[in-house]
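Residue-level structural notes
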Amino acid sequence: MKIAMVGSGYVGLVSGACFAAFGHEDVCIDKDPAKIEALGRGVMPIYEPGLPELVTGNAKAGRLSFTTDLAAGIAGAQAVFIAVGTPSRRGDGHADLSFVYAVAEEIGPHLTEPAVIVTKSTVPVGTGDEVERILGEAGPKVRFAVASNPEFLREGAAIGDFKRPDRIVIGTDDEWARSVMREVYRPLFLNQAPILFTSRRSAELIKYAANAFLATKITFINEMADLCEKVGADVQDISRGIGLDNRIGSKFLHAGPGYGGSCFPKDTLALLKTAEDFESPVRIVEAVAKVNDSRKRAMGRKVIEALGGANDSARGKRVALLGLTFKPNTDDMRDAPSIAVAQALTDAGVNVSAYDPEGMDVAAPLMPEVEMKPNAYAAIEGADAVVIVTEWDAFRALDLGRVKQLLKTPVMVDLRNIYAPAEVRAAGFSYVSIGRP
């Protein structure tokens, strides 16, 4: 079947390429001519492992194409996905739905055949109702329905997540729309991926609830790490001890400098605003957001303490940050903990050098006072301390002897707990990690 994907960013491009890989004909539509032209040449606008090969392979096979012409792109499509950005709105924290509504307004007059309009973007409860109203006012002369189909893709593992999902959530009460969506996802039936049909509003809320719950797990274990440091316990033992309980599970229980990225920060904030609008406060999520914001800056203070314990003793020293993106295998710098850590250090008069395998081009404008280096060892050379901020594989087996030789003072601050304390200390380092003695 033909599928149209309006929006060729992270979600739209990954989804479109995967649908094409399933055998559907998929057209990715975007207003940015430069992006569409680059995609036609196989140049990706984002870093995601495996995506260039997936896109170029399906384009060559004729199943995936790109255009700026929305009318031509949606012509004959049985499912039209809206996959545009919904960033936090400046000033109040609500999700900015202007792009979603603009697409709905543009789609309406160009619908010439029956189609299901599917919101793939992360949107607050009730957005589908407004999309349906906008489409209705546009007066299309063909049958249409509006469904919600939230994405649950992890950056760095998005293709695997799409092809082998934990679940597929589809929100619609229209039986015809359900039959179309079953056909869209029919290639996954062999994998027995569970499809959960809900109301449209329930599907919209599921996405926010899932991200808020995962953010809560991360924040919980981070607070347990702080407690571990006070009482002399090991947070990794705590994580294993509670994660082996099937009711809790081991995922998202890794202590670190706080969560970031394109989803958790904005989605928890949007959920808070939705709850506020409906006068149904979500106090736990409110606490999670506050704790996470303060934690990132606290990681900068942790590094300063490792340098001597006070701002005056840190002033003029140099720190090497290894890893800048909010997680490995992405170039996404949105709400990355490294931004707050670097800012805390520069505010204290510390000189900062950094290296990231994929994120430096994106990071450089966000942290102009940080000196970007071509590799990890170049960043470390002459520094008074090295700080692991993002757990890229490339940092898991550093030559500790070489690192010690390059540093002015052998200090390592491991904000991701990727090294064994005994090993690093045996190599002659002063070693600081998260929630471990």
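Predicted model only: the values in this text are computed from it and were never measured.

1. Considerations on unusual backbone geometry
Backbone geometry at Asn329 places phi at a positive 65°, although glycine is not the residue there. Within the secondary structure layout, Asn329 lies in the loop between strand 9 (318–322) and helix 14 (337–347). Here Asn417, not a glycine, exhibits a phi torsion of approximately 55°, which is positive. Looking at the element boundaries, Asn417 is found in the loop between strand 13 (411–414) and helix 18 (421–426). Taking relative accessible area as the criterion, Asn417 reaches 8% and is therefore assigned buried.

2. Focus on the sheet that holds strand 10 (residues 351–355)
Taking strand neighbours across the sheet as the criterion, the six strands line up as 11-10-9-12-13-14 in an open arrangement whose pairing is parallel. A single partner strand is all that each edge strand has here, and the edge strands are strand 11 (371–372) and strand 14 (430–432). Sheet topology places strand 13 next to strand 14; three bridges connect them, and they run parallel. Note on strand 14: the bridge partner recorded for Met412 is Tyr431.

3. Structural notes on the packing of aromatic side chains
The geometry of two aromatic rings is summed up by the distance between their centres and the angle between their planes. The final tally for this structure, using the stated rule, is nine aromatic pairs. When the ring of Phe19 is compared with that of Phe81, the centres are 5.3 Å apart and the planes differ by 40°; the resulting orientation is tilted. With a gap of 62 residues between them, Phe19 in helix 1 (residues 10–21) and Phe81 in strand 4 (residues 79–82) connect regions that are remote in the sequence. Given the relative accessible area of 0%, Phe19 is considered buried. What links up through ring pairs into an aromatic cluster is the set Phe19, Phe22, Phe81, Phe162 and Tyr185. Against the face of Phe152 rests Arg167, its NZ or CZ located 3.7 Å from the ring centre. Looking at Arg402, its charged tip hangs above the ring of Tyr377, at a distance of 3.9 Å from the centre.

4. Structural notes on helix 12 (residues 283–306)
With 24 residues, helix 12 extends 34 Å between its outermost C-alpha atoms, agreeing within 8% with the 34 Å of an ideal straight helix rising 1.5 Å per residue. Along helix 12, the largest kink reaches about 25° and is centred on Lys296. Those residues of helix 12 that fall on the buried side of the exposure criterion are Val285, Val288, Ala289, Asn292, Arg295, Lys296, Met299, Gly300, Lys302, Val303 and Ile304. One or two positions beyond helix 12, positive phi appears at Gly308, with a value near 150°.

5. Some points on the pattern of salt bridges
Per the counting criterion, the structure on display carries 26 salt bridges. Its salt-bridge partner being Arg200, residue Asp129 comes within 2.8 Å of it at the nearest N-O pair. Placement of the pair is Asp129 in helix 6 (residues 127–138) and Arg200 in helix 9 (residues 200–231), with a sequence separation of 71 residues. The partly exposed category is assigned to Asp129, whose relative accessible area is 31%. A relative accessible area of 13% places Arg200 in the buried class. Here Asp226 ties to Arg295 by a salt bridge, and the two come within 3.1 Å at their closest N and O atoms. Of the two residues, Asp226 sits in helix 9 while Arg295 sits in helix 12, which places them 69 residues apart along the sequence. You can call Asp226 partly exposed: its relative accessible area is 34%.

6. Some remarks on the nonpolar core
Counting 57 residues, the largest nonpolar core has Val319, Leu321, Leu322 and Leu345 as its most contacted members. Not counting residues within four places of it along the chain, the set of residues in contact with Leu322 comprises Tyr355, Ala376, Ala379, Ile380, Val386, Val387, Ile388, Val389, Thr390, Phe395 and Leu398.

7. Topic: the packing of helix 5 (residues 98–107) against helix 6
Where helix 5 meets helix 6, the axes come as close as 8 Å, and the angle between the chain directions of the two elements is 30°. The orientation of helix 5 relative to helix 6 falls into the category roughly parallel. Classified by chirality, the crossing of helix 6 by helix 5 is right-handed. Taken together, the residues of helix 6 that come into contact with helix 5 (itself represented by Val100, Tyr101, Ala104, Glu105 and Ile107) are Thr127, Glu130, Val131, Ile134 and Leu135. The residue makeup of the contact of helix 5 with helix 6, split by class, is seven nonpolar, one polar and two charged.

8. Some points on the packing of helix 9 against helix 12
The interhelical angle for the contact between helix 9 and helix 12, taken along N-to-C directions, is 50°, at an axis separation of 9 Å. In this view, helix 9 runs oblique relative to helix 12, as classed from their interaxial angle. Helix 12 is crossed by helix 9, and the crossing has left-handed handedness. Contacts between helix 9 and helix 12 pair Ala212, Ala215, Thr216, Thr219, Asn222, Glu223, Ala225, Asp226 and Glu229 from the former with Ile284, Val285, Val288, Val291, Asn292, Arg295 and Lys302 from the latter.

9. Focus on the environment of Ala75
Note on placement: Ala75 falls in the loop between helix 4 (70–74) and strand 4. Remark: the alpha-carbon pair of Ala75 and His110, spanning 35 residues in sequence, is separated by 7.7 Å.

10. Overview of the side chain of Asn149
If you trace the backbone, Asn149 turns up in the loop between strand 6 (144–148) and helix 7 (158–163). Separated by 2.9 Å, the side chains of Asn149 and Lys120 make a polar contact. Of the polar contacts made by the side chain of Asn149, one reaches the side chain of Tyr185; its length is 2.5 Å. Leaving out residues up to four positions away in the same chain, Asn149 has contacts with Phe81, Val118, Thr119, Lys120, Ile168, Val169, Ile170, Met181 and Tyr185.

11. Section: the pairing of strand 6
With four of its five residues buried, strand 6 lies for the most part within the structure. Direction of pairing for strand 5 (residues 115–119) relative to strand 6: parallel, over a ladder of five bridges. Along strand 6, the bridge assignment pairs Ile117 with Val146. Regarding the hand of the β-α-β motif, the stretch spanning strand 5, helix 6 and strand 6 is right-handed.

Rules of the game
Residue indices follow the written sequence of each chain, beginning from 1 at its first position. This being a predicted model, a pLDDT of at least 70 is required before a residue's local features are given, and a value of 80 or more before pairs of side-chain atoms are given or counted; all residues contribute to the totals for chains, interfaces and linings. Excluding hydrogens and water, the side-chain values take into account all heavy atoms of the structure. Labels follow the DSSP assignment, with helices taken as runs of H or I lasting at least four residues and strands as runs of E lasting at least two, numbered in each case from the N terminus. Type-normalised accessible area, obtained with a 1.4 Å probe on protein chains alone, sets the label of each residue: buried when under 20%, exposed when over 50%, and partly exposed for intermediate values. Strands qualify as paired when DSSP identifies two bridges or more between them. Aromatic rings from Phe, Tyr and Trp, with only the six-membered ring used for Trp, were paired whenever their centres fell within 6.5 Å, and each pair was classed as stacked if the ring planes differed by under 30 degrees, edge-to-face if by over 60, and tilted otherwise. In this analysis the charged atom, NZ for Lys or CZ for Arg, is taken to sit over a ring once it is within 6 Å of the ring centre and within 35 degrees of the ring normal. The span one expects for a helix is its residue count, reduced by one, times 1.5 Å. Two axes enter the definition of the bend at a residue: one is fitted to the seven residues ending there, the other to the seven starting there, and the bend is the angle between them. Salt bridges are identified by distance alone: a Lys or Arg side-chain nitrogen within 4 Å of an Asp or Glu carboxyl oxygen. Residues grouped as a nonpolar core are buried Ala, Val, Leu, Ile, Met, Phe, Trp, Tyr and Cys residues, joined through side-chain atoms within 4.5 Å. In what follows, residue pairs with any heavy atoms lying within 4.5 Å of each other are defined as contacts. Note on geometry: axes are lines fitted to C-alpha atoms, helical ones only across the stretch in contact, with angles between N-to-C directions running from 0 to 180 degrees. For classification, angles of less than 35 degrees are called roughly parallel, those exceeding 145 degrees roughly antiparallel, those between 65 and 115 degrees roughly perpendicular, and all remaining angles oblique. With the far helix as reference, a near helix turned anticlockwise by less than a right angle produces a left-handed crossing, and one turned clockwise produces a right-handed crossing. The classification used treats Ala, Val, Leu, Ile, Met, Phe, Trp, Tyr, Cys and Pro as nonpolar, Asp, Glu, Lys and Arg as charged, and all other residues, Gly among them, as polar. Pairs of N or O atoms within 3.5 Å make up the polar contacts considered here, provided that, within protein, one atom can donate a hydrogen while the other can accept it, and that residues adjacent in sequence are counted only when both atoms are side-chain atoms. We call a crossover right-handed when, viewed with the strands running away from us, the connection from the first strand over the helix to the second turns clockwise.

In short, the description is geometric, and any link to function would need to be established separately.
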